[in-house]
Amino acid sequence: MMNYSEEKKEQLNADKKQMLIGLHLGNGYGSQQGAWRMPGVDPKSYTSFDARVKQAQAAERGKFQFIFLPDGPGAVLADIATEAPAFNLDVMLTLAAVARETQYIGLVATGSTTFNEPFNLARQFKALDVMSHGRAGWNAITSSGEDVAANYGKRIPSSEDRYGRAHEVIQLIQSLWGSWGKDAWIHNQETGEFANRNEILPINLQGKYVGSRGPLYIPPSEQGQPIIFHAGGSPNAYELAGRFANVVIGAAFTIEDAKAQRNAFRESAKSHGRNPDEIKYIAGLMTTIVKDRRTALDRRIQLAGDSLVQRLGYLQQMLGIPLNPSKVDEPLTKAQLDTARLSRYDPRSANALKIAQEGWSLRDILAHGVIDYHPVIVGPGVEAADHMQAWFEAGAADGFWISPDVNSDGIDAFVDEVVPILQERGIFHQDYEGRTLRENIGAPEQYGIDPRV
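None of the values given here were measured: they were computed from a predicted structure. (Residues numbered from 1 in each chain as written. Predicted model: local features only at pLDDT ≥ 70, side-chain atom pairs only at ≥ 80, totals over all residues. Heavy atoms only, no water.)

Engineer: How would you sum up the pairing of strand β11 (residues 280-289)? Please name residues and give values.
Structural biologist: Of all 10 residues that make up β11, 10 are buried, and the element is covered over most of its length. The alternating pattern of β11 places Lys-280, Ile-282, Gly-284, Met-286 and Thr-288 on one face and Tyr-281, Ala-283, Leu-285, Thr-287 and Ile-289 on the opposite face, and all of these are buried. Sheet topology places strand β10 (residues 247-249) next to β11; three bridges connect them, and they run parallel. Note that in β11 the partner of Val-247 across the bridge is Lys-280. Where the polypeptide runs from β10 across helix α8 (residues 255-271) and back to β11, its parallel neighbour, the crossover connection is right-handed. Pairing between β11 and strand β13 (residues 399-404): six bridges, direction parallel. Across the sheet, residue Met-286 finds its bridge partner in β13, namely Ser-403. Pairing geometry for β11 and strand β12 (residues 376-379), over four bridges, is parallel. Each bridged residue has a counterpart across the sheet, and for Met-286 the counterpart in β12 is Val-376. (Buried < 20%, exposed > 50% of the residue type's maximum accessible area, 1.4 Å probe, protein only. Helix = DSSP H or I, 4+ residues; strand = E, 2+ residues; numbered from the N terminus. Pairing = 2+ DSSP bridges. Right-handed = clockwise from strand over helix to strand, strands pointing away.)

Set out below in structure tokens:
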């Protein structure tokens, strides 16, 4: 029988606000250059849906709320000769494969509102939602690169037109999702009634940018319809997410920056008549979880290869001092540290200087990930847990999306070394709250458009 202290601790943990965790899956290898070449990595796993299923199952073992697949159908990268493309083969096919081999974890993918027809997006994401029994999420974003536009034989529209279209697309898609009435599907074999035709109706919407007659011929899933995600930090992003999103995928390098972004999204939601708690801000975190800092740095140095030293030029700009490539394995001198000045253009520079002041060599400073596109943890799991707890309890994030350096062992390392610490501290759940993404992220019920916005 559970003793009093255990019961009290369990109750406290149940009452305490808990964070959300998602897993970023790009090309499947990992977030670091060279991941595809690491020992133990199948170099052909870029085209393996089985590998993606295995990675999702590892995240589900760790009780992650969702996996997140970005998408950017742009030009082939300039370094394709030595590196895999950054994105998945096809996000919807990948999530369909994962849906059949998982039970609880949310399945979130990016779908551009700029270069996709609303009816197609509505059908694809709702079909995934039905297939997964209510676990789908749509990261609704605009496209911004001319390389992407060129693949569609177009030019990138203005910001006003891109976001104007995005607002229409989301409303149109949610209207289509709700066009099959919640209780319309009768499927009574005895009476021969398949559906109530009076509850499956056209939407007949036409805006400045998009339109559709409808209806969509897909009944609701267990969560009704997919959850809306958004990624971005511009004023346009605040407005879009404030109206429609339940989850925001963010990018911030300091607690102060993350708090400001999170508060801006919450205020936007409030201005549209929504409860600000309905929108969750998820900060990025890149991880190399191993037994100690030195082992982690050596692993990242192996991953980066020659490209690490090529980043010295940017580190030089961040610190405002000249750096000599021939002294890459030496720490900065006292004179250099005294002269160094933080860049007002790059929020990462404060962390870079802090690492430099600890006496690490130039190569090691770079291996700490000071130029990576999210905060980086290199070392034991407790360091990741401490970082996450500090941000979470400061009100800087409602959760985190994790980008392991190498997926083949990095996901399991996080699940085994970080998740138990967060659970012991009572800030991450012990098990899933339900079977749908809506239940597991705490999103309110919604079917069709939100009448408040």
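Engineer: Got a sec to walk through the pattern of salt bridges? Specific residues and values, please.
Structural biologist: Per the stated rule, a full pass over the model turns up 22 salt bridges. We note a salt bridge from Arg-299 to Asp-409, for which the minimum N-O separation is 2.8 Å. Within this pair, whereas Arg-299 is found in helix α9 (residues 293-304), its partner Asp-409 is found in helix α15 (residues 407-417), the two being separated by 110 residues in sequence. For Arg-348, the salt bridge goes to Asp-346, with nearest N and O atoms at 2.9 Å. For the pair Arg-348 and Asp-346, one class covers both residues: buried. Taken together, the salt bridges that share partners define one network made up of Arg-274, Glu-278, Asp-450 and Arg-452. (Salt bridge = Lys/Arg side-chain N within 4 Å of Asp/Glu carboxyl O.)

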